[in-house]
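Geometric and topological summary
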Amino acid sequence: MRKSLVAGNWKMYKTPRESIEFVKVLKDSVKVYSDRDILICPPFTSLVPVSDILKGTPIKLGAQNVFFEEEGAFTGEISTRMLKDTGVSYIICGHSERRNIFMETDEIVNKKVKKIISSGITAILCVGEKLEEREKGNTFNVIERQIEKCLEGIKDTAGVVIAYEPVWAIGTGKNATPEQAEEVHSFIRGLIEKLFGKDFAEKILILYGGSVKPENIDSLMAQKDIDGVLVGGASLKLESFLRIIDYKK
Ligand code: 13P
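The paragraphs below set out a description of the structure included in this document. Small disclaimer: the values here were computed from a predicted structure and weren't measured. Residue numbering note: each chain is counted from 1, following its sequence as written. Per-residue local features of the predicted model are confined to residues with pLDDT of at least 70, and side-chain atom pairs are confined, for both listing and counting, to 80 or more; whole-chain, interface and lining totals are unaffected and use all residues. Hydrogens and water molecules were not included; the side-chain quantities draw on all heavy atoms of the structure.

1. Observations concerning the site of the ligand
The condition is simple: We call a residue near a molecule or strand whenever a single non-hydrogen atom of that residue lies within 4 Å of it. N or O atoms within 3.5 Å of each other form a polar contact, as long as, within protein, one can give a hydrogen and the other can take it, and as long as residues adjacent in sequence are counted only when both atoms are side-chain atoms. All accessible-area figures derive from a Shrake-Rupley calculation using a 1.4 Å probe, and residue coverage is judged against the displayed protein chains alone. A pocket, in this scheme, is an open set of points on a 1 Å grid over the protein atoms alone with protein on both sides within 12 Å along at least 5 of 7 lines, while a cavity is a set where a 1.4 Å probe fits but cannot get out; residues line either one if an atom lies within 4 Å of a point. To decide whether a molecule occupies a pocket or cavity, check its atoms: if more than half lie within 2 Å of the grid points, it is inside. In this classification, the charged set is Asp, Glu, Lys and Arg, the nonpolar set is Ala, Val, Leu, Ile, Met, Phe, Trp, Tyr, Cys and Pro, and all remaining amino acids, among them Gly, are polar.
Around the ligand lies a shell formed by Asn-9, Lys-11, His-95, Glu-165, Ala-169, Ile-170, Gly-171, Gly-210, Ser-211, Leu-230, Gly-232 and Gly-233. Here an oxygen atom of the ligand sits 2.9 Å away from a polar atom, N or O, in the side chain of Glu-165. A distance of 2.8 Å separates an oxygen atom of the ligand from a polar backbone atom of Ser-211. Relative to its unbound accessible area of 310 Å², the ligand is 94% covered by the protein chains. The pocket occupied by the ligand, as judged from atoms lying within 2 Å of grid points, is the second largest pocket. Classifying every residue of the shell around the ligand gives three nonpolar, seven polar and two charged.

Here's what the structure looks like:
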């Protein structure tokens, strides 16, 4: 039985003060579940104060990005060592916004995944096809290429979570139907089995992301291969995030 993960990716929203205010209420309102983990990934500037508030609570802390070098003259970048010191246990990488706006390639994402895992942090590797790729019938090819390249040279998936985020569903209000998502999730699990073996395929968490909201969370989580969600917009509001955490299977 896989323990599910409900993760909030705050993207470039909330100042440190706004983040503090939010998590103070979140930690007092959230229900504790033995079958699911809860994670929030605020902007870098909020990590330290949020980490202090989350100490001793079941809510975990993650970062949205990292650079793959340990330290050095890399103006504006942040290392896994710095993030670990703030209490981060997950780091998102390969998000489509990083790929499309900041030109991150599969090769860069691969370096990041390796660095994250070797630092003892769990990598949340995002993959997903664009609308035109889906329309041309290339969804599985795109996902396969991204996963193979981003996980190249990695011996197992013990420190990896995969987030399937179809680009056309991100921030559009148009989520993949539970059946569309399940089709890709099941393909991803098959691919992990092919690359790393049955045991890792059974254990790996595959999250869905893209317009997850209170109205669709239950039907998404009812799918066999959906092990959790990576939530953008709906994780910024307490009421909707709490309802998503509270999903019913
Ligand atoms: P939305 O939930 O706002 O569509 O964003 C999804 C996402 O990109 C999470 O990483």
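2. As for the layout of surface pockets
One water molecule sets the probe size; rolling that probe over the atoms shows where empty space is left. To keep things clear, this is the line we draw: Grid points are joined across faces, edges and corners, and a volume is the space filled by probe spheres set on the points. Helix and strand definitions follow DSSP, with helices as H or I runs of at least four residues and strands as E runs of at least two, each counted in order from the N terminus.
Computed from the structure, the largest pocket encloses a volume of approximately 500 Å³. Per-element tally for the lining of the largest pocket: the top contributor is helix 4 (residues 96–101), with three residues. Partitioning the lining of the largest pocket into residue classes produces seven nonpolar, five polar and three charged. Estimated volume of the second largest pocket: approximately 220 Å³. Taken together, the residues of the lining of the second largest pocket sort by class into eight nonpolar, eight polar and three charged.

3. Focus: the packing of aromatic side chains
Formally: Between 30 and 60 degrees the pair is tilted, below 30 it is stacked and above 60 it is edge-to-face, where a pair is any two Phe, Tyr or Trp rings, Trp via its six-membered ring, whose centres lie within 6.5 Å. Each residue's exposure class comes from its accessible area (1.4 Å probe, protein chains only) as a fraction of the maximum for that residue type: buried when under 20%, exposed when over 50%, partly exposed otherwise. Both a distance and an angle decide whether a charge sits over a ring: NZ of Lys or CZ of Arg must be within 6 Å of the ring centre and within 35 degrees of the ring normal.
One pass over the structure, following the stated rule, counts five aromatic pairs. Both rings, one in Trp-10 and one in Phe-22, keep their centres 5.1 Å apart while their planes meet at 80 degrees; by these two values the pair is edge-to-face. Of this pair, Trp-10 sits in the loop between strand 1 (4–9) and helix 1 (16–29) while Phe-22 sits in helix 1, placing them twelve residues apart in sequence. Ring plane angle 35 degrees and centroid distance 4.4 Å describe the contact between Phe-67 and Phe-68, whose orientation is recorded as tilted. Each member of the pair, Phe-67 as well as Phe-68, is classed as buried. These aromatic residues form a ring-pair network of at least three members: Phe-67, Phe-68 and Phe-74. Lying over the aromatic face of Trp-10, Lys-14 brings its terminal NZ or CZ to 5.5 Å of the ring centre. Positioned above the aromatic ring of Phe-102, the side-chain terminus of Arg-98 is 4.1 Å from the ring centre.

4. Quick look at the sheet that holds strand 5 (residues 122–127)
Heads up, the rule is: For two strands to pair, DSSP has to find at least two bridges joining them. Structural elements are reduced to axes, namely lines fitted to C-alpha atoms, with helices fitted over the stretch in contact, and the angle between N-to-C directions of any two is expressed from 0 to 180 degrees.
The sheet built from eight strands closes into a barrel, its strands ordered 1-2-3-4-5-6-7-8 with parallel pairing. If you compare each strand with its neighbour and ignore which way they point, the axes differ by 25 degrees on average. As paired strands, strand 1 and strand 8 (residues 228–231) are joined by four bridges and run parallel to one another. Opposite Val-6, over in strand 8, you have Val-229 as the bridge partner.

5. Here's the deal with helix 1
Basically, it comes down to this: Multiply 1.5 Å by the residue count of a helix minus one, and that product is the helix's expected span. Taken from the helix axis, the directions to the C-beta atoms give the arc we talk about.
Across its 14 residues, helix 1 extends 20 Å between first and last C-alpha, which sits within 8% of the 20 Å expected from 1.5 Å per residue. When we look at burial in helix 1, the residues that qualify are Ser-19, Phe-22, Val-23 and Leu-26. Each buried residue of helix 1 lies within a common arc of 95 degrees when the element is viewed along its axis, so the set occupies one face. In this structure, helix 1 carries Arg-17, Glu-21 and Asp-28 as exposed residues pointing more than 90 degrees from its buried face.

All we've got here are geometric facts, nothing functional implied.
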